[in-house]
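# Notes for the structure review
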Amino acid sequence: MTLPNHSDEPTQWGSITNSPERSMALTIPARPELWGLARMAVASIASRLGFDFEEIEDLRLAVDELSMACASGIGPDSVLHLNCHWSEAGLFVECMVIPVVAVANGEDGQFPAGLSQKELSESILAVLVDAYGISLGEGSRRGWLRKDA
Amino acid sequence: MDAGLQVHLEKFEQVPVVRVVGEVDLATAPELQARLAELPADGGTVIIDLSEVTFLDSTGLSVLVAGWKRLSEGGDQSSFRLVVNRPAIHRVLEVTGLTHVFDVFATLEEAIKG
């Protein structure tokens, strides 16, 4: 079985299977105090895949930024779905949130370089992983990242 | 689940030191923000000791930048120094360009000396 409809992701990942031995799904309340679980799960998988310490730290931060991009400013009853798939080529992480009640985002302060926090978050992702994408719709929010082995 | 965050306000050789312990993320950053707001913007030196911080994301960076901005309003002589000795924390400052904004030191003693 191939990964479901990741048409916007790099095509070389089409060969990855989502067999139970090479995938993990985690569903948690989309509350920031629980995102540590997502970081821990991805770090654990990355460790088993042989990523080095710095790469694992990069992934922890990247997953946190991805979760924040998808889940910040949403209602407290929303749920965050984290799906991981891996192969010899590396690790693919997908984050999906279906907001129960959308609320206004907080103030997005400016950084010295003129960046907003959202832009800063994306600039961090751009450096830490090999590819990523974020799609924020009214009905659902989805982000993904890819870290090559 | 939350690993928690501890923020201690201390003084070292008469210099205010904010010692941060734990993970700084969206859940815990408000605690750091609140403690930084307690520091007087009197134009002096402030040291933020991040040597016991095990995780720092863009929310934490946002709080540090806000603190730096507020304290910088105290005058040209103000100095906002960070103590960072973990590569992962240094890396996030580096990739965001904030090593050019903050004065970053490897130890508290070096930060005191400036």
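That block above? That's the structure.
The structure reproduced in this document is the subject of the present report.

On to unusual backbone geometry, then. Residue and element names in this part refer to chain B. If you check the backbone angles, glutamate 13 has positive phi at about 50 degrees while not being a glycine. Note on glutamate 13: 9 C-beta atoms within 10 Å, which makes it exposed. The backbone of glutamine 14 shows a phi angle near 70 degrees, a positive value even though the residue is not glycine. Tracing the backbone through its elements, the reader meets glutamine 14 in the loop between β1 (5–12) and β2 (15–24).

Residues and elements named next belong to chain B. The element strand β4 (residues 79–83) is largely enclosed, with a buried count of four among its five residues. Taken together, the five bridges between strand β3 (residues 45–56) and β4 define a ladder with parallel strand orientation. Directly across from aspartate 49, in β4, lies its bridge partner valine 83. In terms of strand pairing, β4 meets strand β5 (residues 103–105) through three bridges, oriented parallel.

With that settled, consider the nonpolar core. If you look at the biggest cluster of nonpolar residues, it comprises 69 residues, and the most contacted ones within it are Ala62 and Val93 of chain A. Setting aside residues up to four positions removed in sequence, valine 93 of chain A forms contacts with Val42, Val63, Leu82, Cys84, Trp144 and Leu145 of chain A.

Quick look at helix α2 (residues 58–72) of chain B now. Under the 1.5 Å per step criterion, the end-to-end length of α2 of chain B is 21 Å for 15 residues, consistent within 8% with the ideal 21 Å. If you check which residues of α2 of chain B are buried, you get Ser58, Thr59, Gly60, Leu61, Ser62, Val63, Leu64, Val65, Gly67 and Leu71 of chain B.

About the thresholds
- Residues numbered from 1 in each chain as written.
- Chains lettered and ligands numbered in written order.
- Predicted model: local features only at pLDDT ≥ 70, side-chain atom pairs only at ≥ 80, totals over all residues.
- Buried ≥ 20, exposed ≤ 12 C-beta atoms within 10 Å, placed from the backbone.
- Helix = DSSP H or I, 4+ residues; strand = E, 2+ residues; numbered from the N terminus.
- Pairing = 2+ DSSP bridges.
- Core = buried A, V, L, I, M, F, W, Y, C linked by C-beta atoms within 7 Å.
- Contact = placed C-beta atoms within 7 Å.
- Expected span 1.5 Å × (residues − 1).

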